[in-house]
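Observations on the model geometry
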Amino acid sequence: MSHVPPRRFGSLAAAMVTPMTESGEVDVTSAQRLAGKLVDEGCDAILLSGTTGESPTTHQPEKNDLTDAVREAVGNRAFILCGACSNDTAHAVRIAEGAQEHGADGILVVSPYYNRPSQEGLRAHVHAVANATDLPIMLYDIPGRTGIAFSDATLDVLAQHPRIRAVKDSTGDIETGVERMHRTGLEYYSGDDGLNFAWMTGGASGFISVVAHIASTHYRRMIELLDGDRVWEARELSYSLRPLVHAIMGGGQGAVLAKYALWLQGVIDSPAVRLPMVGISDAEVSALRRAMSRAGLV
């Protein structure tokens, strides 16, 4: 008999881009169209205002408007997780409070980047955000971007908080993650599309994906296969997606490539991003189109 892990935050979430107009305004209409597409194609959760959503360069009123719009578009068909990601604790608290006021179901909290506090400071930061709302909290461990990792001791302490229930892990260290998953009882979610299959076979509850913008149906099928103990078929499906994962994530700017992929599909009206992000060259667009064509996605 197959065993399905707990999934308080869903099993397949897209780390949704924030569509923008050519003039740089948040494109709410495209955001609603995109959110509806993601849910229709298999996502049972959507992450708004994460790094892929250009959270460092979108402002609180825009984040709130985006949450309102996506909630209106998908209703209760998907769990809406909102990033409260800032290296200023007071700012992160305000973002979390705004997310709850505008209909979020959960909050994602990243370690404070650049100022890189001590582990004691990291714990205090997370507790402040967790205590600001009544929503369940997912931690985001991505030391490659933030410069600070969650230590074992910190995770053990944070796991005792009644609302801290999960971790999005982008450390690349599955062995340690599986150990932490078992020790703390926290749900774990893959934060790296190239490792989704490996994380799931290690007991993760699901994954938060960038490539799901255009491959949600494939990832939903992979989860169904794994839930049914059809591991070999899931492995082959995962392997078939590797060229697409490399095309979108291989350059390290998944937010940019995901927007271009959606633009090529006609889902969003523009691939515009905000500085310091910039667009890609015509040659890169052509390479992305070829990868998508080989996968039957454009």
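Bear in mind that the values here come from a model prediction, so they are computed numbers and not experimental data.

1. What to know about the overall build of the protein chain
Within the protein chain one finds 13 helices and 8 strands. Relative to its length of 298 residues, the protein chain is compact, with a C-alpha radius of gyration of 18 Å against a globular reference of 19 Å. Based on the C-alpha atoms only, the size of the protein chain along its principal axes is roughly 50 × 45 × 35 Å. By the burial criterion, 54% of the 298 residues in the protein chain qualify as buried. Only carbon and sulfur atoms are counted for the fraction: they give 51% of the accessible area of the protein chain, which is about 12400 Å². Here the protein chain contributes 26 positive and 35 negative side-chain charges, whose respective centroids are spaced 3 Å apart.

2. Focus on the packing of helix α11 (residues 242-249) against helix α12 (residues 254-265)
As a packed pair, α11 and α12 sit with axes 7 Å apart at the nearest point and diverge in direction by 115 degrees. Put simply, α11 runs roughly perpendicular to α12. Together, A247, I248 and M249 of α11 and G254, L257 and A258 of α12 make up the contact between the two elements. Taken together, the residues that form the contact of α11 with α12 break down as 5 nonpolar, 1 polar and no charged.

3. A word on the sheet that holds strand β8 (residues 206-209)
Pairing is parallel in the closed barrel, where 8 strands are placed in the order β1-β2-β3-β4-β5-β6-β7-β8. Neighbour to neighbour, the strand axes of the sheet diverge by 25 degrees on average, direction disregarded. In this structure, strand β1 (residues 12-15) lies alongside β8, joined through 3 bridges in parallel fashion. Within the sheet, the bridge partner assigned to A13 lies in β8 and is I208. Taken strand by strand, helix α9 (residues 212-227) contacts β1 and β8, and its axis lies near 165 degrees from that of β1.

4. Details of the packing of helix α3 (residues 89-101) against helix α4 (residues 119-130)
Pairs of packed helices are described in terms of their axes, by the angle between the two and the distance that separates them. Direction vectors running N to C along α3 and α4 enclose 25 degrees, while the axes themselves pass 9 Å from each other. When the axis of α3 is compared with that of α4, the two are roughly parallel. Considering how the two elements wind past one another, α3 and α4 form a crossing that is right-handed. Between α3 and α4, the contacting residues are T89, A92, V93 and A96 on the first element and H125, A128 and V129 on the second.

5. Structural notes on the side chain of S270
Structurally, S270 is set in the loop between α12 and α13 (282-294). A relative accessible area of 3% places S270 in the buried class. Side chain to side chain, S270 and E22 meet in a polar contact 2.7 Å long. One polar contact links the side chain of S270 to the main-chain amide nitrogen of A272, over a distance of 3.0 Å. Ignoring sequence-local partners within four residues, the contact set of S270 consists of M20, T21, E22 and W263.

Conventions and cut-offs
- Residues numbered from 1 in each chain as written.
- Predicted model: local features only at pLDDT ≥ 70, side-chain atom pairs only at ≥ 80, totals over all residues.
- Heavy atoms only, no water.
- Helix = DSSP H or I, 4+ residues; strand = E, 2+ residues; numbered from the N terminus.
- Rg over C-alpha atoms; globule rule 2.2 N^0.38 Å.
- Buried < 20%, exposed > 50% of the residue type's maximum accessible area, 1.4 Å probe, protein only.
- Areas by Shrake-Rupley, 256 points an atom, 1.4 Å probe, with all protein chains shown as cover.
- Lys, Arg positive; Asp, Glu negative; His and termini not counted.
- Charge placed at Lys NZ, Arg CZ, Asp CG, Glu CD.
- Axes fitted to C-alpha atoms, helices over the stretch in contact; angles between N-to-C directions.
- Parallel < 35°, antiparallel > 145°, perpendicular 65-115°, else oblique.
- Contact = heavy atoms within 4.5 Å.
- Nonpolar A, V, L, I, M, F, W, Y, C, P; charged D, E, K, R; others polar.
- Pairing = 2+ DSSP bridges.
- Left-handed = near helix turned anticlockwise from the far one by under 90°.
- Polar contact = N/O pair within 3.5 Å; in protein donor to acceptor, adjacent residues only side chain to side chain.

Coordinates in, geometry out; function isn't part of it.
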